[in-house]
Amino acid sequence: LASSDGGCDTPSLIKAAIVSSLSSPFLNLYPQQQTPSESSYAPAAKFVREEITQIIQNQDPSLAGSILRLAFHDATVRSVASDPSVGGADGSIRYELDWSENRGLSKPLKVINELFELQQEKFELICPISISSSGESTSTSKIPCRSLSFADTLAISGAAAVEAAQGPKIEIQMGRKDVYQADNHFLDDPIQSMGGRSTITTSLPSAGLDSLGLRNYFKRLGLTEAELVALSGAHDLGRHVTLTGMPKGCLRNLTRSCLEDAPVLAPFITADPDTLSNRYFWTMLRWNGKDIEFGEAAFIPTDVALVVDDGLKKYVVAFANDEQLFFKRFRTAYRKLVDSTATTKSRF
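What counts and what doesn't
- Residues numbered from 1 in each chain as written.
- Predicted model: local features only at pLDDT ≥ 70, side-chain atom pairs only at ≥ 80, totals over all residues.
- Heavy atoms only, no water.
- Helix = DSSP H or I, 4+ residues; strand = E, 2+ residues; numbered from the N terminus.
- Buried < 20%, exposed > 50% of the residue type's maximum accessible area, 1.4 Å probe, protein only.
- Contact = heavy atoms within 4.5 Å.
- Areas by Shrake-Rupley, 256 points an atom, 1.4 Å probe, with all protein chains shown as cover.
- Salt bridge = Lys/Arg side-chain N within 4 Å of Asp/Glu carboxyl O.
- Expected span 1.5 Å × (residues − 1).
- Arc of directions from axis to C-beta.
- Polar contact = N/O pair within 3.5 Å; in protein donor to acceptor, adjacent residues only side chain to side chain.
- Core = buried A, V, L, I, M, F, W, Y, C linked by side-chain atoms within 4.5 Å.
- Phe/Tyr/Trp six-rings, centres within 6.5 Å; stacked < 30°, edge-to-face > 60°.
- Lys NZ or Arg CZ within 6 Å of the ring centre and 35° of its normal.

## A short note on the overall build of the protein
From N to C terminus, the protein includes 14 helices and six strands. Classification of the 348 residues of the protein by burial places 53% in the buried group. Pairs at least 24 residues apart make up 76% of the contacts formed inside the protein by residues separated by at least 6 positions. Summed over all atoms, the accessible surface of the protein reaches about 15400 Å², with 52% contributed by carbon and sulfur.

Right under this line is the structure:
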């Protein structure tokens, strides 16, 4: 999605967030089984959720939108036109930051990378034991535990970011495998439609797609029209790069470094860009009715497509009137995106 992350000057948020976790004693260990049960994912998944919640709620709320965007951009890349099962949530985003669609994602990626490495150290071979108030050791889990892949870490971090931003709780499957190279930026064969703005050429959805292009793009990923509209509601979170305050050198030559270090990041919805609600939808309707103040919102063509197409607009209206319905559809859409590469049946 197009929204970007807010500024974050702290060089290592994750280290600050987990000091107490690292100081906890680790006593005896459970050996890692060759084929541990699905439940062995639970300790690491719980740990990642708690750390992301701590960072967003207590240190930098602006990270919610950028972490969610990072998870989306990892999960939606499917570069084989004839087979959208190729790709998905596989950790390839680590090697795709030079793509124009991924500008502004280096900061949230650093946070997720640090958390990924930390949970690897903590859960790779052992299950931690905690100390009770009486001084006796008590297991935090009666089963072996294991660490998460980077793709799992990112997918559950995106879900935790949504909940930390007052959105719905989203439990997801685990067992994704990581890849160690970038996916293809462009489709191997463009998906042609009636008009130029409907044609899909890139692995990530272009901000200029019209309503038909949006339908075709997300239909490939198994999303319904209601779900693609709900997914767009994530623009209620986060910020995007602007040219405001850019140094003269950057205005003359807008490099990737300029975009990553942009001094001013503007929200799509100015009011409270760090919480998720149905505000995006009723603001869209007000914009469409020309009943909006200057600077109140900044939409891109894919946002506008939702209210100029009657088939999609009905979902905008429905979500504007019912936040819980929006949350329900958003939860389903997120799961469809990130769970296509998961292998467990259980959700965490």
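## Description of the pattern of salt bridges
Within this structure, the stated rule accounts for 12 salt bridges. For Glu227, the salt bridge identified is with Lys336, shortest N-O distance 2.9 Å. Residue Glu227 is found in helix H8 (residues 225-232), and its partner Lys336 is found in helix H14 (residues 323-338); the two are separated by 109 residues along the sequence. Residue Glu227 is classed as buried on the basis of its relative accessible area, which comes to 6%. If you follow the salt bridges from partner to partner, you end up with Asp152, Arg176, Asp339 and Arg347 in one network.

## Examining the environment of Arg286
Residue placement: Arg286 occurs in helix H11 (residues 279-288). Excluding residues that lie within four positions of it along the chain, Arg286 makes contacts with Asp291, Ile292 and Glu296.

## A few points about helix H13 (residues 310-321)
With 12 residues, H13 should reach 16 Å at 1.5 Å per residue; the first-to-last C-alpha distance of 16 Å fits that figure. When H13 is considered as a whole, its buried residues turn out to be Leu312, Val316, Phe319 and Ala320. All buried residues of H13 lie within an arc of 105° about the axis, which places them on one face of the element. The exposed residues of H13 that point more than 90 degrees off its buried face are Asp310, Lys314 and Asn321. For H13, the secondary structure elements touched by its buried residues are helix H7 (211-220), H8, H11, helix H12 (301-308) and H14. In this structure Asp309 caps H13, since a side-chain oxygen of it lies 2.9 Å from the backbone nitrogen of Gly311.

## A closer look at the nonpolar core
Taken as a class, soluble globular proteins show a tendency for nonpolar side chains to be buried jointly. Counting 80 residues, the largest nonpolar core has Ile52, Phe330 and Tyr334 as its most contacted members. Among the elements that take part in this core, helix H6 (residues 150-164) stands out by supplying nine residues, more than any other. Excluding anything up to four places from it in sequence, Ile52 contacts Ile67, Ile112, Leu115, Ser157, Ala160 and Ala161.

## A few points about the packing of aromatic side chains
By the definition in use, this model includes 14 aromatic pairs. Between Phe326 and Phe327, the aromatic rings sit 5.5 Å apart at their centres with planes inclined by 45°, giving tilted as the arrangement. Relative accessible area serves as the criterion here: at 0%, Phe326 is assigned to the buried category. The exposure class assigned to Phe327 is buried, which follows from its relative accessible area of 6%. Here the aromatic rings of Phe326 and Phe330 are separated by 5.9 Å at their centres, their planes lie at 70°, and the arrangement is edge-to-face. Of the two residues, Phe326 and Phe330 are both situated in helix H14; the distance of four residues between them amounts to about one turn of the helix. Like Phe330, Phe326 is buried. Every member of this aromatic cluster is reached through a ring pair, and the members are Phe72, Tyr280, Phe281, Trp287, Phe299, Phe319, Phe326, Phe327, Phe330 and Tyr334. The positively charged end of Arg94 is found above the aromatic ring belonging to Phe150, 4.4 Å away from the centroid.

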